[in-house]
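Letter by letter, the chains look like this.
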There are 2 protein chains.
Amino acid sequence: MLLARNLFEDIRAERLTPRDVLELCAVAIAEQEADVHAFAALDLDRARTAAEAPGLARTPLAGLPVGIKDVIDTADLPTAYGTEAFAGNQPRTDAAVVRQVKRAGGIIPGKTVTTELAFLRPSITKNPRRLTHTPGGSSAGSAAAVAAGMLPLALGTQTGGSVLRPASFCGVTGYKPTFRLIPTVGMKVFSWHLDTIGLFGARVADVAYGAAAITGRDLDLADADIGPARFAVVRTARAHLADAASHAALDSAIAALAKAGADVREIALPEEIEAADAIHPVIQDYEGWHALADEYDNGLLSPLLRGHLEAAAAITPDAYDEARRTAKRARQRLGDLFADCDALLTFAAPGEAPEGFATTGSAMFNRLWTLMGTPCVSVPGLLGPSGLPVGVQVVGRFGRDRRTLAAAAFLERALAAR
Amino acid sequence: MLLARNLFEDIRAERLTPRDVLELCAVAIAEQEADVHAFAALDLDRARTAAEAPGLARTPLAGLPVGIKDVIDTADLPTAYGTEAFAGNQPRTDAAVVRQVKRAGGIIPGKTVTTELAFLRPSITKNPRRLTHTPGGSSAGSAAAVAAGMLPLALGTQTGGSVLRPASFCGVTGYKPTFRLIPTVGMKVFSWHLDTIGLFGARVADVAYGAAAITGRDLDLADADIGPARFAVVRTARAHLADAASHAALDSAIAALAKAGADVREIALPEEIEAADAIHPVIQDYEGWHALADEYDNGLLSPLLRGHLEAAAAITPDAYDEARRTAKRARQRLGDLFADCDALLTFAAPGEAPEGFATTGSAMFNRLWTLMGTPCVSVPGLLGPSGLPVGVQVVGRFGRDRRTLAAAAFLERALAAR
């Protein structure tokens, strides 16, 4: 994989130029894209021109290539939202985060494949770790492009588990920041209380560096930031739905953390927080019914998504309001849990990537945290019984992204030192 | 003015057809639009065809014409956001609220004029109450179209005071619902924590009916709903900036309410709430700098807005985060105030509509409540010394829109009964 933070340092030290890094991507793309299908649009020639811009090496992203999930508008690349209906659609304006990437000196060689409107219909992308397996969804192309070494950084989005799940399946780091830390203006909306833009990179240090460069926030991690953290393990009421691979990964992470000197305790989630898991779909689907009303009314959706929205149409405003109150109570209660820990540790996905392409896997271990708006990181480094990656999820306190990333980086080191 | 709720009842009772109501609008438009300039786009022929749709009279909006502010995307009418750069821009999809209007059986004859990107640059719209005066902004066309009897209902948006202020200046009812009660998907974003879609109508009953029909929520008011309410008058720390006309209007409202049997007390706003007023611009402008990044970077903005965003670029993430915490504390404290009152009563604007078109007036008495996300209603019925309207603002508790509208309707009756 391409290590974003190392490449940045290489460019700053003039060991590499932005163009050199782009060519590393181009070589990997030439070798792998025909099998992986990570890109919905690609324009390497335009990227090469952009990579020659004077002064690029001194910018925060130093000309690093950044892939943009194809539910995020780009003014110079088509944006199809994973649909046939919007094939060739060319937005007039860049999404806010795309302008953040460009202002920070990032180069955008292409758009990465998304499932249809970031929902559940499987995409054409294959898992670079084993091409017969799903890369997960909905940010399939971003996770796969980073896993295949075709890009050092890529943006994804998460409404249920669309960053954490593909990161776990593809063996890369997925980082979903605190809700709205990255602006979603210009992203195709599914659920305005849930949609969150996140980032894929090889290691925790890479997503932390990328998020810092893109947002201008103090998120980049130096070695000194990564000390023993206090973890609370939450297996949740859905623990029995995680298979042996995910339990083994969590146990390995706990053992590695303890060996590395971290404080690790198992706790049960309070009832108010568990209750919020069940109402995530109420909020997601009520809002999706309104957000995708035009596409629904005009018959532009797959049978899968159309049927889902038809069921969603029955959700009443009262049920939605009650779900919002349940979520608010859970958020308030969740704050208490962080009084004596830095991060929660839980499953990133129910197991290894499923074989075949009938499903993109389940968001059951992600959606609660998306609803809570908390920062989440899927940390790679462990393998399941079939040899495919299994991530472990670090969940931090709302707004404490730096601390969360530092805890995730500590776990990553602990896993490497086993 | 055209009374939406009465027209709805006339259609239901077959005293009028949807087409008849559209022709009432068409006549007023023919008489007044050349002076008022409320419309950014108008397609009466298409509206006439839509008005003939079978079954329309049985829908929630019964074919009533609804104007859409031109920062809200429409798939069959151009959407220019009040800019030259987007002149003729034709979105591919309807905004979520536009689909809500259409699904509810509303007819959209045209787009109403907005100031540039809903900011402060004055628009071409004149105040129908006196053509030499501003109608306010940014929802200038929607307020003016309702005031001139050209439309029974029109949608506006508010980030600072863009619904309440023009409603006050034009002598119509302006209703800003609880934050996100009406979805903003497909609205041009200025500030994602503030942008709120609202509604203009002649009377409180009209906006309540319209909001109920559009959202499917239980907001329509029957006579029995409108009983004596408990009001707390808050003049705020900015009371000295309201001119004599606004103080007289508030005093008249207090007297009318007391005479009508309401409980009315004056209270001082707690310091935590007053503190939030000052940080509204921090949140609005930090987010605007990101939301309008494409337009800024491509030189598409007026000098006024460009200069404003350049100053906004200096706002640090830390300052923004601190402003968000200040807003959160104020919201928590504000909830307490409603323990023993149904609504707050305050200024809707600092005075009558300013003469001329150099300014759209001030949002100083609106922005705090936009930031709090609370439902607000500008109630007409009072005149200032020059004979122009002066509204009074009713502010309710977050999520208690029905109670807020009922309190506003009680005030409206009390004013009429003076």
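Residues numbered from 1 in each chain as written. Chains lettered and ligands numbered in written order. Predicted model: local features only at pLDDT ≥ 70, side-chain atom pairs only at ≥ 80, totals over all residues. Heavy atoms only, no water.

### As for the overall build of chain A
What counts here: Only DSSP runs of H or I covering at least 4 residues are called helices, and only runs of E covering at least 2 are called strands; the numbering of each starts at the N terminus. Every radius of gyration here is taken over C-alpha atoms, with the globule rule written as 2.2 Å times N^0.38, N being the number of residues. Partly exposed describes any residue whose relative accessible area lies between the buried limit of under 20% and the exposed limit of over 50%, with all areas from a 1.4 Å probe on protein chains only and scaled to the type maximum. For this analysis, residues touch if any pair of their heavy atoms sits within 4.5 Å. Values of accessible area rely on a 1.4 Å probe in the Shrake-Rupley scheme; residue burial ignores everything except the protein chains shown. Working convention for charge: Lys and Arg count positive, Asp and Glu count negative, and His plus the chain ends are omitted. Where a charge sits is defined by one atom per residue type, namely NZ (Lys), CZ (Arg), CG (Asp) or CD (Glu).
Tallying secondary structure elements over chain A gives 14 helices and eleven strands in all. At 20 Å, chain A has a C-alpha radius of gyration in line with the 22 Å of a compact globule built from 418 residues. The principal-axis extent of the C-alpha atoms belonging to chain A is close to 55 × 55 × 40 Å. A buried classification covers 64% of the 418 residues belonging to chain A. Expressed as a percentage of contacts within chain A between residues at least 6 apart in sequence, the contacts between residues at least 24 apart total 77%. Total accessible area on chain A stands at roughly 13,600 Å², and carbon and sulfur atoms take up 53% of it. Counting 42 positive and 47 negative side-chain charges, chain A places the averaged centre of each group 4 Å from the other.

### Here's the deal with the packing of helix H1 (residues 4-12) of chain B against helix H7 (residues 204-215) of chain B
Residue and element names in this part refer to chain B. To be explicit about the condition: For helices, the fitted axis covers only the stretch in contact; all axes are lines through C-alpha atoms, and the angles between them, taken along N-to-C directions, range from 0 to 180 degrees. Roughly parallel means an angle under 35 degrees; roughly antiparallel means over 145; roughly perpendicular covers 65 to 115; every other angle is labelled oblique. Residues are grouped as follows: Ala, Val, Leu, Ile, Met, Phe, Trp, Tyr, Cys and Pro are nonpolar; Asp, Glu, Lys and Arg are charged; all remaining types, including Gly, are polar.
Axis separation between H1 and H7 bottoms out at 7 Å; the angle between their running directions is 60°. Taken together, the axis directions place H1 and H7 in an arrangement best described as oblique. Contacts between H1 and H7 involve Ala4, Arg5, Asn6 and Phe8 from the former and Ala205, Asp206 and Tyr209 from the latter. Here the contact of H1 with H7 is built from residues that sort into four nonpolar, one polar and two charged.

### Regarding helix H4 (residues 96-103) of chain B
Of all eight residues in H4 of chain B, six are buried, a share of seventy percent or more. The inward-facing, buried residues of H4 of chain B contact helix H9 (271-291) and helix H10 (293-297) of chain A together with strand E2 (66-69), strand E4 (153-158), strand E6 (196-201) and H7 of chain B.

### Notes on the interface of chain A and chain B
For an interface, size is often stated in terms of accessible area lost upon the parts coming together. Our working definition: Once two parts are put together, the accessible area they lose, assessed with a 1.4 Å probe and summed over both, is termed the buried area. For salt bridges, the criterion is a side-chain nitrogen of Lys or Arg within 4 Å of an Asp or Glu carboxyl oxygen.
Taken together, the 34 residues of chain A in the interface contact 34 residues of chain B. For the chain A and chain B pair, buried surface summed over both sides reaches about 2,800 Å², with 49% attributable to carbon and sulfur atoms. The partner of Asp321 of chain A in a salt bridge is Arg217 of chain B, with the nearest N and O atoms 2.7 Å apart. Those elements that place two or more of their residues in the side of chain A that touches chain B are helix H4 (96-103), H9, H10 and helix H12 (317-337) of chain A. Grouping the amino acids of the side of chain A that touches chain B by side-chain chemistry returns 15 nonpolar, eight polar and eleven charged.

### Here's the deal with the sheet that holds strand E9 (residues 343-347) of chain A
Residue and element names in this part refer to chain A. Inclusion rule: Strands pair, by our definition, only if DSSP identifies at least two bridges between them.
In spatial order, the strands read E1-E3-E2-E4-E6-E5-E10-E11-E9-E7-E8; together these eleven strands make up an open sheet with mixed pairing. Every interior strand has two partners, whereas the edge strands, strand E1 (39-42) and strand E8 (263-266), have only one. For this sheet, the mean inter-axis angle between neighbouring strands, taken without regard to orientation, is 25°. Bridge count for E9 against strand E11 (residues 389-395) is four bridges, and the pairing is antiparallel. When the bridges of E11 are listed, Phe347 appears paired with Val392. Taken strand by strand, helix H5 (residues 140-147) contacts E1, strand E2 (66-69), strand E3 (110-112), strand E4 (153-158) and strand E6 (196-201), and its axis lies near 150° from that of E4.

### Some thoughts on the relation of the copies chain A and chain B
Here the two chain copies are tied together by a rotation about an axis and a shift along that axis. For clarity, the threshold we go by: Least squares is used to superpose the copies, and the fit set is the C-alpha atoms of residues whose pLDDT is at least 70 in both copies.
Structural alignment of chain A on chain B gives an RMSD of 0.0 Å, achieved by rotating through 180° and translating 0.0 Å along the axis. As the rotation angle and translation indicate, the two copies are arranged about a two-fold axis. Comparing interface residues between copies, 100% of those in chain A also lie at the interface in chain B; the contact surface is shared.

### Considerations on the layout of surface pockets
Convention followed: Both site types are read off a 1 Å grid over the protein atoms alone. A 1.4 Å probe that fits but cannot get out defines a cavity, while an open set with protein on both sides within 12 Å along at least five of seven lines defines a pocket; lining residues have an atom within 4 Å of a point. Grid points are joined across faces, edges and corners, and a volume is the space filled by probe spheres set on the points.
Quantified by volume, the second largest pocket comes out at close to 1,100 Å³. Surrounding the second largest pocket, 50 residues form its lining, Asp73, Tyr81 and Gly186 of chain A together with Asp73 and Gly186 of chain B being those nearest its centre. Elements represented by at least two residues in the lining of the second largest pocket include exactly H4 and H10 of chain A together with helix H9 (271-291) and helix H10 (293-297) of chain B. Among the elements that line the lining of the second largest pocket, the one with the most residues is H10 of chain B, at three residues. Residue classes in the lining of the second largest pocket are distributed as 22 nonpolar, eleven polar and 17 charged.

### Regarding the packing of H9 of chain A against H12 of chain A
Residues and elements named next belong to chain A. Filter applied, for reference: We call a crossing left-handed when the near helix sits turned anticlockwise from the far one by less than a right angle, and right-handed when that turn is clockwise.
Contact geometry of H9 with H12 gives a least axis separation of 8 Å together with a crossing angle of 140°. The angle between the axes of H9 and H12 places the two elements in the oblique class. In terms of crossing hand, the pair formed by H9 and H12 is left-handed. Where H9 abuts H12, its residues Glu272, Ile273, Ala275, Ala276, Ile279, Val282, Ile283, Tyr286 and Glu287 lie against Pro317, Ala319, Tyr320, Ala323, Arg324, Thr326, Ala327, Ala330, Arg333, Leu334 and Leu337. Partitioned by chemical class, the residues of the contact of H9 with H12 number 15 nonpolar, one polar and four charged.

### Some points on the packing of aromatic side chains
For clarity, the threshold we go by: Pairs were defined over the aromatic rings of Phe, Tyr and Trp, the Trp ring being its six-membered one, requiring ring centres within 6.5 Å. Orientation was assigned from the angle between planes: stacked under 30 degrees, edge-to-face over 60, tilted for the rest. Over a ring means this: the NZ of a Lys or the CZ of an Arg is within 6 Å of the ring centre and within 35 degrees of the ring normal.
Summed over all chains, the structure comprises twelve aromatic pairs over all chains. Each ring, one from Trp289 of chain B and one from Tyr296 of chain B, has its centre 5.0 Å from the other, and the planes form 65°; the classification is edge-to-face. Here Tyr296 of chain B falls in the buried class, since its relative accessible area comes to 19%. Over the ring of Trp289 of chain A we find Arg103 of chain B; its NZ or CZ atom is 4.0 Å from the centre of that ring. Between Lys188 of chain B and the ring centre of Tyr81 of chain B, over which it is positioned, the NZ or CZ distance is 5.3 Å.

### Regarding the UniProt feature "domain: Amidase" (unreviewed entry) in chain A
How we decide: UniProt positions are given in the numbering used here, feature names are shortened, and annotations may be inferred rather than shown by experiment.
As recorded in UniProt, the feature "domain: Amidase" (unreviewed entry) lies at residues 21-405 of chain A. Between the end C-alpha atoms of residues 21-405 of chain A the distance is 25 Å, and the span holds 37% helix and 14% strand.

### A closer look at the pattern of salt bridges
Residue and element names in this part refer to chain B. Applying the stated criterion across every chain yields a total of 70 salt bridges over all chains. Put simply, Lys102 and Asp94 hold a salt bridge, and the shortest N to O gap is 2.8 Å. According to the relative accessible area criterion, Lys102 is partly exposed, its value standing at 24%. Across the pair Arg235 and Glu266 runs a salt bridge whose closest N-O atoms are separated by 2.9 Å. Of the two residues, Arg235 is situated in the loop between strand E7 (230-233) and helix H8 (244-259) and Glu266 in strand E8 (residues 263-266); the sequence distance between them amounts to 31 residues.

### A closer look at the sheet that holds strand E10 (residues 376-379) of chain B
Residue and element names in this part refer to chain B. A sheet is described by the order of its strands in space; here eleven strands give the open sequence E1-E3-E2-E4-E6-E5-E10-E11-E9-E7-E8, paired in mixed fashion. Every interior strand has two partners, whereas the edge strands, strand E1 (39-42) and E8, have only one. The average undirected angle you get between the axes of adjacent strands in this sheet is 25°. Both E10 and strand E11 (residues 392-395) contribute to a ladder of four bridges, which runs antiparallel. Of the residues in E11, the one forming a bridge with Cys376 is Val395. Against the sheet, H7 contacts E4, strand E5 (173-176), E6 and E10, and its axis sits at roughly 130° relative to E6.

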